[in-house]
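Structural overview
For reference, the chains in residue letters:
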Amino acid sequence: MPRRTPRTATPSLLAAAVACMIPLLALAAQQAPPASPPDAKTQEAGLGLTGPANPKLPSLILVGDSTVRNGHGMGSDGLWGWGAPIADFFDPAKINVVNRAIGGLSSHTYISAGHWDSTLELMKPGDFVLIQFGHNDGGVNLPGVPPVPDQCLLPGAAPASPPAGVAPRVPTGRGSLPGIGEETLDVENPRTHAHELVHTFGWYMRKYIADTRAKGATPILCSLVPRKLWTDGHVIRNTSTYRGWTQQVAAAEHTGFVDLNEIIARRYDALGQAAVDPLFGDPHTHTTLAGAQLNAECVVAGLRALPHDPMVRYLSAKGKAIKPYVGI
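About the criteria used
Residues take numbers from 1 onward in each chain, read along the sequence in its written order. Local features in a predicted model are, by the rule used here, given only for residues with pLDDT of at least 70; side-chain atom pairs are given and counted only at 80 or more, and totals for whole chains, interfaces and linings are based on all residues. Only hydrogens and water are set aside when side-chain values are computed; all heavy atoms of the structure are taken into account. We treat two strands as partners when DSSP finds at least two bridges between them. Strands here mean DSSP runs of E at least two residues long; helices mean DSSP runs of H or I at least four residues long; both are numbered from the N terminus. Only C-alpha atoms enter the line fits that serve as axes; for helices the fit covers just the stretch in contact. Angles between N-to-C directions range over 0 to 180 degrees. Only buried Ala, Val, Leu, Ile, Met, Phe, Trp, Tyr and Cys residues count toward a nonpolar core, and they belong to the same one when joined by side-chain atoms within 4.5 Å. Accessibility here uses a 1.4 Å probe with only protein chains present; expressed as a share of the type maximum, an area under 20% marks a residue as buried, one over 50% as exposed, and anything in between as partly exposed. The contact criterion used is simple: two residues touch if any of their non-hydrogen atoms lie within 4.5 Å. The way it works is a 1 Å grid over only the protein atoms, where trapped points that fit a 1.4 Å probe form a cavity and open points with protein on both sides within 12 Å along at least five of seven lines form a pocket, and then any residue with an atom within 4 Å of a point lines it. Grid points are joined across faces, edges and corners, and a volume is the space filled by probe spheres set on the points. In this count, Pro and Cys sit with the nonpolar residues alongside Ala, Val, Leu, Ile, Met, Phe, Trp and Tyr, while Asp, Glu, Lys and Arg are called charged and the others, Gly among them, polar. Each aromatic pair joins two rings of Phe, Tyr and Trp (for Trp, the six-membered one) with centres within 6.5 Å, and gets the label stacked for planes under 30 degrees apart, edge-to-face for over 60, and tilted for any other angle. Two conditions define a charge sitting above a ring: the NZ of Lys or the CZ of Arg must be within 6 Å of the ring centre, and it must be within 35 degrees of the ring normal.

In spatial order, the strands read 2-1-3-6-9; together these five strands make up an open sheet with parallel pairing. Across the chains shown, the open sheet's two edge strands, defined by having one partner strand only, are strand 2 (96-99) and strand 9 (256-258). Pairs of neighbouring strands in the sheet enclose a mean axial angle of 20°, with direction left out of account. Bridging between strand 1 (residues 59-64) and strand 2 involves four bridges; their strand directions are parallel.

Take the nonpolar core next. Across soluble globular proteins, you tend to see nonpolar side chains buried next to one another. The biggest cluster of nonpolar side chains holds 37 residues, and the ones touching the most others in it are Trp82, Ile86, Phe90, Leu130, Leu260, Tyr268 and Leu303. Looking at this core, the elements with two or more residues in it are strand 1, strand 3 (128-132), strand 6 (218-222), helix 7 (260-271) and helix 9 (289-304). At seven residues, helix 9 tops the list of elements feeding residues into this core. The contacts of Leu303, once residues within four sequence positions are left out, are Phe90, Leu130, Ile220, Val258, Asp309, Pro310 and Met311. Core analysis: the next-biggest nonpolar cluster, separate from the first, contains 33 residues, Val98, Ile111, Leu224 and Val249 among them.

Under the definition given, this model contains one cavity of 30 Å³ or more. Taken together, Thr67, Trp82, Val225, Thr285, His286, Thr287 and Asn295 make up the full set of residues lining the largest cavity. Counted by class, the lining of the largest cavity contains two nonpolar, five polar and no charged residues.

Quick look at unusual backbone geometry now. Here His254, not a glycine, exhibits a phi torsion of approximately 55°, which is positive. Residue placement: His254 occurs in the loop between helix 6 (242-253) and strand 9. The phi angle at Asp309 is positive, at roughly 45°, despite the residue not being glycine. Inspection of the secondary structure assignment puts Asp309 in the loop between helix 9 and helix 10 (317-320). Given a relative accessible area of 14%, Asp309 falls into the buried group.

What follows covers the packing of aromatic side chains. In this description, a pair of aromatic rings is defined by centroid distance and the angle of the planes. Within this structure, the stated rule accounts for nine aromatic pairs. Each ring, one from Phe128 and one from Tyr314, has its centre 5.8 Å from the other, and the planes form 65°; the classification is edge-to-face. Within this pair, whereas Phe128 is found in strand 3, its partner Tyr314 is found in the loop between helix 9 and helix 10, the two being separated by 186 residues in sequence. When sorted by exposure, Phe128 lands in the same class as Tyr314, which is buried. Ring centres of Tyr268 and Phe280 lie 5.9 Å apart, and the angle between their planes is 65°; on these two criteria the pair is classed as edge-to-face. Of this pair, Tyr268 sits in helix 7 while Phe280 sits in the loop between helix 8 (273-276) and helix 9, placing them twelve residues apart in sequence. Take Tyr268 and Phe280: they sit in the same class, and that class is buried. Taking NZ or CZ as reference, Lys318 lies 4.8 Å from the ring centre of Phe89, over its face.

Fair warning: the whole summary comes from geometry, so function is off the table for now.
Structural data, given as C-alpha coordinates:
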(Lines give C-alpha, C1' and ligand atoms only; values in the text may rest on other atoms or scores of the structure.)
Protein backbone atom coordinates (compact mmCIF):
# COMPACT_ATOMS: atom_id res chain seq x y z
CA MET A 1 0.00 0.00 0.00
CA PRO A 2 1.59 3.32 -0.99
CA ARG A 3 2.54 5.69 1.89
CA ARG A 4 0.60 8.95 1.99
CA THR A 5 2.61 12.12 2.01
CA PRO A 6 1.34 14.56 4.72
CA ARG A 7 -0.30 17.58 3.26
CA THR A 8 1.25 20.91 4.04
CA ALA A 9 -1.16 23.51 5.37
CA THR A 10 -1.94 26.16 2.80
CA PRO A 11 -1.31 29.84 3.57
CA SER A 12 -5.07 30.46 3.65
CA LEU A 13 -5.57 27.81 6.34
CA LEU A 14 -2.74 29.26 8.46
CA ALA A 15 -4.18 32.75 8.13
CA ALA A 16 -7.59 31.51 9.22
CA ALA A 17 -6.11 29.76 12.25
CA VAL A 18 -4.24 32.87 13.32
CA ALA A 19 -7.35 34.98 12.86
CA CYS A 20 -9.27 32.63 15.17
CA MET A 21 -6.55 32.84 17.83
CA ILE A 22 -6.34 36.64 17.99
CA PRO A 23 -9.58 37.12 20.00
CA LEU A 24 -8.49 34.37 22.41
CA LEU A 25 -5.09 35.97 22.92
CA ALA A 26 -6.70 39.36 23.49
CA LEU A 27 -9.07 37.87 26.06
CA ALA A 28 -6.18 36.18 27.84
CA ALA A 29 -4.28 39.46 27.96
CA GLN A 30 -7.28 41.19 29.51
CA GLN A 31 -7.63 38.50 32.16
CA ALA A 32 -3.92 38.27 32.97
CA PRO A 33 -2.88 40.02 36.18
CA PRO A 34 -0.95 43.26 35.69
CA ALA A 35 2.79 42.89 35.56
CA SER A 36 4.41 43.67 38.88
CA PRO A 37 6.73 46.67 38.83
CA PRO A 38 10.40 45.87 39.50
CA ASP A 39 11.48 45.92 43.13
CA ALA A 40 13.07 49.11 44.42
CA LYS A 41 16.69 47.99 44.25
CA THR A 42 16.30 46.65 40.70
CA GLN A 43 14.78 49.91 39.55
CA GLU A 44 17.48 51.92 41.31
CA ALA A 45 20.22 49.86 39.67
CA GLY A 46 18.59 50.41 36.28
CA LEU A 47 18.61 54.16 36.88
CA GLY A 48 22.24 54.12 37.95
CA LEU A 49 21.60 55.12 41.57
CA THR A 50 24.58 54.41 43.81
CA GLY A 51 25.70 54.76 47.38
CA PRO A 52 28.48 56.97 48.76
CA ALA A 53 31.82 56.83 46.95
CA ASN A 54 33.68 56.82 50.27
CA PRO A 55 31.59 55.32 53.11
CA LYS A 56 34.09 56.66 55.67
CA LEU A 57 33.09 60.24 54.84
CA PRO A 58 29.80 61.94 55.72
CA SER A 59 27.29 62.15 52.88
CA LEU A 60 24.93 64.77 51.51
CA ILE A 61 22.01 62.62 50.37
CA LEU A 62 19.49 64.09 47.92
CA VAL A 63 15.90 62.81 47.89
CA GLY A 64 13.31 64.10 45.46
CA ASP A 65 11.88 63.92 41.94
CA SER A 66 13.06 64.65 38.39
CA THR A 67 13.83 68.30 39.15
CA VAL A 68 16.62 66.93 41.36
CA ARG A 69 17.65 63.96 39.19
CA ASN A 70 16.22 63.60 35.70
CA GLY A 71 16.15 60.06 34.31
CA HIS A 72 19.57 58.44 34.63
CA GLY A 73 21.10 61.76 35.66
CA MET A 74 23.04 61.99 32.40
CA GLY A 75 21.20 64.87 30.72
CA SER A 76 19.11 62.81 28.32
CA ASP A 77 17.03 65.03 26.00
CA GLY A 78 19.00 67.96 27.37
CA LEU A 79 17.15 67.85 30.72
CA TRP A 80 19.01 68.06 34.02
CA GLY A 81 18.09 68.20 37.69
CA TRP A 82 20.03 70.39 40.13
CA GLY A 83 21.41 67.32 41.94
CA ALA A 84 24.00 66.75 39.20
CA PRO A 85 25.83 70.11 39.14
CA ILE A 86 25.58 70.64 42.90
CA ALA A 87 28.37 68.09 43.41
CA ASP A 88 30.87 70.67 42.08
CA PHE A 89 30.13 72.91 45.05
CA PHE A 90 31.35 70.31 47.58
CA ASP A 91 34.81 68.92 48.29
CA PRO A 92 34.80 65.17 47.47
CA ALA A 93 37.66 64.66 49.93
CA LYS A 94 35.37 65.82 52.75
CA ILE A 95 31.84 64.70 51.83
CA ASN A 96 29.99 62.45 49.38
CA VAL A 97 27.15 63.84 47.31
CA VAL A 98 24.71 60.96 46.83
CA ASN A 99 21.80 61.73 44.49
CA ARG A 100 18.94 59.33 45.29
CA ALA A 101 16.16 61.34 43.61
CA ILE A 102 13.91 59.52 41.13
CA GLY A 103 11.78 61.13 38.43
CA GLY A 104 8.01 60.80 38.52
CA LEU A 105 7.74 60.08 42.24
CA SER A 106 5.93 61.97 44.95
CA SER A 107 6.50 62.21 48.70
CA HIS A 108 4.11 59.25 48.93
CA THR A 109 5.41 56.95 46.18
CA TYR A 110 9.09 57.42 47.03
CA ILE A 111 8.18 55.65 50.27
CA SER A 112 5.51 53.22 49.05
CA ALA A 113 7.72 51.93 46.21
CA GLY A 114 10.49 51.07 48.67
CA HIS A 115 13.06 53.69 47.66
CA TRP A 116 13.09 55.42 51.03
CA ASP A 117 13.94 52.13 52.75
CA SER A 118 16.86 51.70 50.33
CA THR A 119 18.07 55.21 51.08
CA LEU A 120 17.78 54.68 54.83
CA GLU A 121 20.10 51.68 54.50
CA LEU A 122 22.82 54.03 53.24
CA MET A 123 22.33 56.62 55.96
CA LYS A 124 24.60 56.97 58.99
CA PRO A 125 25.24 59.45 61.80
CA GLY A 126 26.77 62.68 60.53
CA ASP A 127 25.04 62.58 57.15
CA PHE A 128 22.81 65.36 55.80
CA VAL A 129 19.62 64.63 53.85
CA LEU A 130 18.01 67.20 51.52
CA ILE A 131 14.38 66.40 50.78
CA GLN A 132 12.39 68.12 48.00
CA PHE A 133 8.95 67.03 46.82
CA GLY A 134 5.76 68.63 45.53
CA HIS A 135 5.83 68.46 41.73
CA ASN A 136 4.12 65.04 41.58
CA ASP A 137 2.07 65.22 44.77
CA GLY A 138 -1.23 66.42 43.26
CA GLY A 139 -4.15 64.34 42.02
CA VAL A 140 -5.36 62.75 45.27
CA ASN A 141 -8.05 64.55 47.25
CA LEU A 142 -10.37 63.88 50.15
CA PRO A 143 -14.03 63.45 49.12
CA GLY A 144 -15.81 66.77 49.09
CA VAL A 145 -12.60 68.79 49.30
CA PRO A 146 -11.64 70.98 46.31
CA PRO A 147 -8.58 69.62 44.52
CA VAL A 148 -5.27 71.43 44.58
CA PRO A 149 -5.06 73.56 41.41
CA ASP A 150 -3.05 72.00 38.62
CA GLN A 151 0.50 73.18 39.33
CA CYS A 152 1.31 73.10 35.59
CA LEU A 153 -1.29 75.75 34.73
CA LEU A 154 -1.66 79.45 35.27
CA PRO A 155 -4.28 80.33 37.90
CA GLY A 156 -7.78 79.90 36.49
CA ALA A 157 -6.58 78.22 33.30
CA ALA A 158 -8.15 74.97 32.14
CA PRO A 159 -6.10 72.08 30.76
CA ALA A 160 -6.03 71.90 26.98
CA SER A 161 -8.08 69.20 25.28
CA PRO A 162 -5.96 66.18 24.33
CA PRO A 163 -5.23 65.62 20.64
CA ALA A 164 -7.55 63.36 18.67
CA GLY A 165 -7.09 59.75 19.64
CA VAL A 166 -5.30 60.57 22.92
CA ALA A 167 -7.10 59.72 26.15
CA PRO A 168 -7.55 62.61 28.62
CA ARG A 169 -5.22 62.75 31.60
CA VAL A 170 -6.67 61.13 34.70
CA PRO A 171 -5.50 61.10 38.34
CA THR A 172 -2.71 58.58 38.81
CA GLY A 173 -3.06 57.87 42.50
CA ARG A 174 0.65 58.57 42.99
CA GLY A 175 0.24 61.79 44.93
CA SER A 176 -0.35 62.68 48.54
CA LEU A 177 -3.33 64.31 50.21
CA PRO A 178 -3.10 68.12 50.35
CA GLY A 179 -2.16 69.83 53.58
CA ILE A 180 -0.18 68.89 56.66
CA GLY A 181 -2.83 67.18 58.80
CA GLU A 182 -3.38 63.58 59.85
CA GLU A 183 -6.12 62.76 57.31
CA THR A 184 -5.85 59.50 55.37
CA LEU A 185 -7.59 58.02 52.34
CA ASP A 186 -7.71 54.48 50.97
CA VAL A 187 -6.73 54.69 47.28
CA GLU A 188 -6.59 52.01 44.61
CA ASN A 189 -3.38 52.08 42.61
CA PRO A 190 -4.59 52.20 38.97
CA ARG A 191 -1.54 50.24 37.81
CA THR A 192 -1.37 47.41 40.34
CA HIS A 193 -4.98 47.65 41.64
CA ALA A 194 -3.55 47.34 45.14
CA HIS A 195 -5.06 49.49 47.87
CA GLU A 196 -2.82 51.98 49.66
CA LEU A 197 -3.44 54.20 52.66
CA VAL A 198 -2.42 57.67 51.51
CA HIS A 199 -1.42 60.39 53.98
CA THR A 200 -1.06 64.14 53.63
CA PHE A 201 1.99 65.81 52.15
CA GLY A 202 2.89 67.13 55.59
CA TRP A 203 2.65 63.65 57.14
CA TYR A 204 5.19 62.35 54.65
CA MET A 205 7.52 65.29 55.33
CA ARG A 206 7.36 64.53 59.05
CA LYS A 207 8.15 60.88 58.37
CA TYR A 208 11.22 61.80 56.33
CA ILE A 209 12.40 64.01 59.18
CA ALA A 210 11.77 61.43 61.92
CA ASP A 211 13.36 58.54 60.00
CA THR A 212 16.43 60.63 59.15
CA ARG A 213 16.91 61.72 62.75
CA ALA A 214 16.52 58.12 63.93
CA LYS A 215 19.60 57.33 61.81
CA GLY A 216 21.59 60.10 63.47
CA ALA A 217 21.55 62.20 60.29
CA THR A 218 20.39 65.79 59.77
CA PRO A 219 17.24 66.39 57.67
CA ILE A 220 16.85 69.59 55.65
CA LEU A 221 13.61 70.33 53.78
CA CYS A 222 13.64 72.19 50.45
CA SER A 223 10.55 73.76 48.95
CA LEU A 224 9.98 72.69 45.37
CA VAL A 225 11.72 74.53 42.53
CA PRO A 226 9.31 76.89 40.73
CA ARG A 227 7.92 76.14 37.31
CA LYS A 228 8.37 78.54 34.42
CA LEU A 229 4.95 80.13 34.77
CA TRP A 230 4.70 83.91 34.80
CA THR A 231 2.03 86.33 35.88
CA ASP A 232 2.40 90.13 36.00
CA GLY A 233 6.12 89.83 35.33
CA HIS A 234 6.81 87.44 38.20
CA VAL A 235 7.28 83.68 38.43
CA ILE A 236 4.42 82.04 40.29
CA ARG A 237 5.23 80.88 43.82
CA ASN A 238 3.50 77.90 45.46
CA THR A 239 3.02 79.66 48.79
CA SER A 240 -0.49 78.36 49.48
CA THR A 241 0.37 74.77 48.62
CA TYR A 242 3.59 72.74 48.60
CA ARG A 243 6.01 75.57 49.36
CA GLY A 244 3.88 76.74 52.26
CA TRP A 245 3.28 73.23 53.60
CA THR A 246 6.99 72.41 53.50
CA GLN A 247 7.81 75.59 55.39
CA GLN A 248 5.13 74.91 58.01
CA VAL A 249 6.42 71.40 58.68
CA ALA A 250 10.03 72.58 58.88
CA ALA A 251 9.07 75.25 61.42
CA ALA A 252 6.98 72.84 63.52
CA GLU A 253 9.70 70.19 63.52
CA HIS A 254 12.56 72.67 64.07
CA THR A 255 14.46 71.39 61.08
CA GLY A 256 16.48 73.21 58.44
CA PHE A 257 14.52 74.77 55.59
CA VAL A 258 15.81 75.97 52.21
CA ASP A 259 13.07 77.99 50.53
CA LEU A 260 14.14 76.99 47.04
CA ASN A 261 10.80 78.02 45.56
CA GLU A 262 11.33 81.63 46.61
CA ILE A 263 15.12 81.79 46.17
CA ILE A 264 14.98 80.60 42.55
CA ALA A 265 11.86 82.62 41.75
CA ARG A 266 13.66 85.80 42.78
CA ARG A 267 16.56 84.93 40.48
CA TYR A 268 14.11 84.36 37.62
CA ASP A 269 12.29 87.61 38.33
CA ALA A 270 15.59 89.52 38.22
CA LEU A 271 16.68 87.86 34.97
CA GLY A 272 13.36 88.35 33.20
CA GLN A 273 11.32 85.99 31.03
CA ALA A 274 13.49 86.24 27.91
CA ALA A 275 16.63 85.21 29.80
CA VAL A 276 14.88 82.44 31.74
CA ASP A 277 13.32 80.73 28.71
CA PRO A 278 16.61 79.11 27.55
CA LEU A 279 17.15 77.68 31.05
CA PHE A 280 14.31 75.21 30.44
CA GLY A 281 14.34 72.21 28.15
CA ASP A 282 10.57 71.73 28.17
CA PRO A 283 7.59 74.12 28.49
CA HIS A 284 7.73 74.79 32.22
CA THR A 285 9.27 72.16 34.52
CA HIS A 286 12.65 70.65 33.60
CA THR A 287 15.82 72.66 33.21
CA THR A 288 18.74 72.51 30.83
CA LEU A 289 22.23 72.13 32.31
CA ALA A 290 22.52 75.91 32.60
CA GLY A 291 19.20 76.04 34.45
CA ALA A 292 20.22 73.18 36.73
CA GLN A 293 23.47 74.97 37.54
CA LEU A 294 21.56 78.12 38.50
CA ASN A 295 19.24 76.06 40.70
CA ALA A 296 22.19 74.30 42.34
CA GLU A 297 23.72 77.68 43.18
CA CYS A 298 20.43 78.62 44.82
CA VAL A 299 20.45 75.42 46.90
CA VAL A 300 23.97 76.20 48.13
CA ALA A 301 22.99 79.81 48.91
CA GLY A 302 20.03 78.48 50.91
CA LEU A 303 22.20 75.98 52.78
CA ARG A 304 24.70 78.70 53.62
CA ALA A 305 21.86 80.80 55.06
CA LEU A 306 20.95 78.13 57.61
CA PRO A 307 21.82 78.98 61.22
CA HIS A 308 25.56 78.56 61.86
CA ASP A 309 26.20 77.66 58.19
CA PRO A 310 26.47 73.93 59.07
CA MET A 311 27.82 72.76 55.72
CA VAL A 312 30.47 75.41 55.07
CA ARG A 313 33.27 73.04 56.15
CA TYR A 314 32.37 70.66 53.31
CA LEU A 315 32.20 73.20 50.49
CA SER A 316 34.71 73.39 47.66
CA ALA A 317 36.27 76.72 46.70
CA LYS A 318 33.44 77.09 44.17
CA GLY A 319 30.88 76.48 46.91
CA LYS A 320 32.46 78.95 49.32
CA ALA A 321 32.24 81.61 46.58
CA ILE A 322 28.43 81.41 46.79
CA LYS A 323 27.10 83.98 49.24
CA PRO A 324 24.43 82.99 51.76
CA TYR A 325 20.92 83.84 50.63
CA VAL A 326 19.51 86.97 52.20
CA GLY A 327 15.72 87.24 52.34
CA ILE A 328 13.62 90.35 52.51
